[in-house]
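Okay, here's what each chain looks like letter by letter:
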Amino acid sequence: MKFRTMARGIGLFVMPVLLATAILSAQQAGTVFRATTNYVSTDVVVRDREGKFIPDLRAAEVTVTEDGVPQKIERFIRMIGGRTFTEIAAPAPTMRASEGLILPKVRQTNDVSGRIFMILIDDLHLQTSDTPRIKQALKEIRDTLIHDNDLVGFVSTGPSGIEINPTYDFGRRRFDEAINKVIGAGMKINEILDSVKYEGSNGNSGPPGMRQNAHTAFLTAYRMMEELAKINDRRKSFIYVSSGYTFDPFREGRYARIQAEYQRAADTPTEFTDEQGLYINRPISSAYDVDTPLADQYYMQKTEFAESDLVHEIAQLTREARRANVVFYTLDPRGLTTSSIPIDVLGLQTPADWRDYITTQTNSLRVLGEETGGFCICQTNDYKKGLQRIDAETSDYYMIGYTSSNPDPFKIRRQIKIAVSRPEVSELIYRDSYTIPRPKGR
């Protein structure tokens, strides 16, 4: 039998060692839904040897252990086609109301609604010229993925000003409202290259505007994770529409501009007076002098810090998503991008600069998806196939809940193992760990 947890492969990234270290810490978080209770809930996908979902599993055929200790299953909910069929339904922990995202009222146990989708439109990382493609991608999500009994909410990171609380979107009116509002507002490539004059003002390399936009996007998603964590016994999917992230874009091109700026300053005489009051000309020198090897070393060292900062931010968001039992499905609406530098981009030194830019952005989206149990619809003009896969993954699964009887209350990270007695079961997909808050004084 093949066991596959949702802590999947990390994928390629700019700095594999740094990423592996940070994601390892992210994987140490799991599916705790409330910090004040030891109730644990996780979704499980069960497939046969042909890769088909097994729809008639019974609770008696499933065993759950936590750190080797058998657990009593208190909630066993079967989701078929997005509809709920409950076999065991002990009362789930109640959730306290809070400010922020308005959650739907808790329905009776005969509620057949199943799926929750939160759609984040990261317009701060989508070009204005890509707006038609963004709208088309959202239309395909609307028509391919969303069912009438799905709860759907929207939020944007920038000037599109989209904020729609989760609701049953009959007639797709809310969806159309979001589509009509959206507009890309990301930094243009030439703006990124021109921003070198502001680098170093905050102690970091890379355009400060890109860092600020990324912080805004991650914070928006992080806050949504905090709200979604209050919803139990539902599979919560986060459709993340963005072109991805990099803190160190076009390294060679930016460095060439820095060198050119300081070279021009060095070649421009500036008048000074000597002790006798006579005017003399003295060129301006710089740490970025093209003939100074230490300048190269200093610049490249700063870019390494930029990469590690991005890895850390992604790891934090990944950790929170796993804690809230939220699966990220990232979508890059730019579609298939070529390795050729666009004709309207000025100042790039080599095609490698452009390829690195696209690769880093794409891999940041892949990591967000794969490390939370989802995947990225990237580098493709056919969104429909990926959306159909999301539809299948979010429509058919089991939700299992139990109250932990782990004998060690001070063990922060708990390991979950789920087994099924049926011989035809070939694959189990579930989250294999969660964390609890560290006790005070420890």
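So, here is what we can say about the structure in this document. In this text, all values refer to a predicted model and were calculated from it rather than measured experimentally. (Residues numbered from 1 in each chain as written. Predicted model: local features only at pLDDT ≥ 70, side-chain atom pairs only at ≥ 80, totals over all residues. Heavy atoms only, no water.)

Here we look at the packing of aromatic side chains
Across all of its chains, the model carries 13 aromatic pairs by this definition. Here a set of aromatic residues connected by ring pairs shows up, and it is made of Phe218, Phe238, Tyr240, Tyr245 and Phe328. The ring of Phe375 has Arg389 lying over it, and the distance from NZ or CZ to the ring centre is 3.8 Å. (Phe/Tyr/Trp six-rings, centres within 6.5 Å; stacked < 30°, edge-to-face > 60°. Lys NZ or Arg CZ within 6 Å of the ring centre and 35° of its normal.)

Considerations on the packing of helix H2 (residues 131-144) against helix H9 (residues 383-395)
Where H2 meets H9, the axes come as close as 10 Å, and the angle between the chain directions of the two elements is 40 degrees. The handedness of the crossing between H2 and H9 comes out as right-handed. Here Arg133, Ala137, Glu140, Ile141 and Thr144 of H2 come into contact with H9, specifically with Tyr383, Lys384, Leu387, Gln388 and Asp391. Per-class residue counts for the contact of H2 with H9 are 4 nonpolar, 2 polar and 4 charged. (Axes fitted to C-alpha atoms, helices over the stretch in contact; angles between N-to-C directions. Helix = DSSP H or I, 4+ residues; strand = E, 2+ residues; numbered from the N terminus. Left-handed = near helix turned anticlockwise from the far one by under 90°. Contact = heavy atoms within 4.5 Å. Nonpolar A, V, L, I, M, F, W, Y, C, P; charged D, E, K, R; others polar.)

Side note on the environment of Ile436
As for its placement among the helices and strands, Ile436 is situated in the segment after strand S18 (433-435). With residues near it in sequence (within four places) discarded, Ile436 still touches Pro409, Lys411, Ile412 and Arg414.

Looking at the state of the cysteines
Across all of its chains, the model carries 1 disulfide by this definition. Between Cys376 and Cys378 runs a disulfide, and the two sulfur atoms are separated by 1.5 Å. Residue Cys376 is classed as buried on the basis of its relative accessible area of 12%. (Disulfide = S-S within 2.5 Å. Buried < 20%, exposed > 50% of the residue type's maximum accessible area, 1.4 Å probe, protein only.)

Section: the sheet that holds S18
Strand order in the open sheet formed by 4 strands is S4-S3-S16-S18, and the pairing between neighbours is antiparallel. Single-partner strands in this sheet number two, and they are strand S4 (69-71) and S18. Adjacent strand axes in the sheet meet at a mean angle of 30 degrees when their direction is disregarded. Looking at chain direction, strand S16 (residues 413-420) and S18 are connected through 3 bridges and run antiparallel. Across the sheet, the residue bridging to Arg413 is Thr435, located in S18. (Pairing = 2+ DSSP bridges.)

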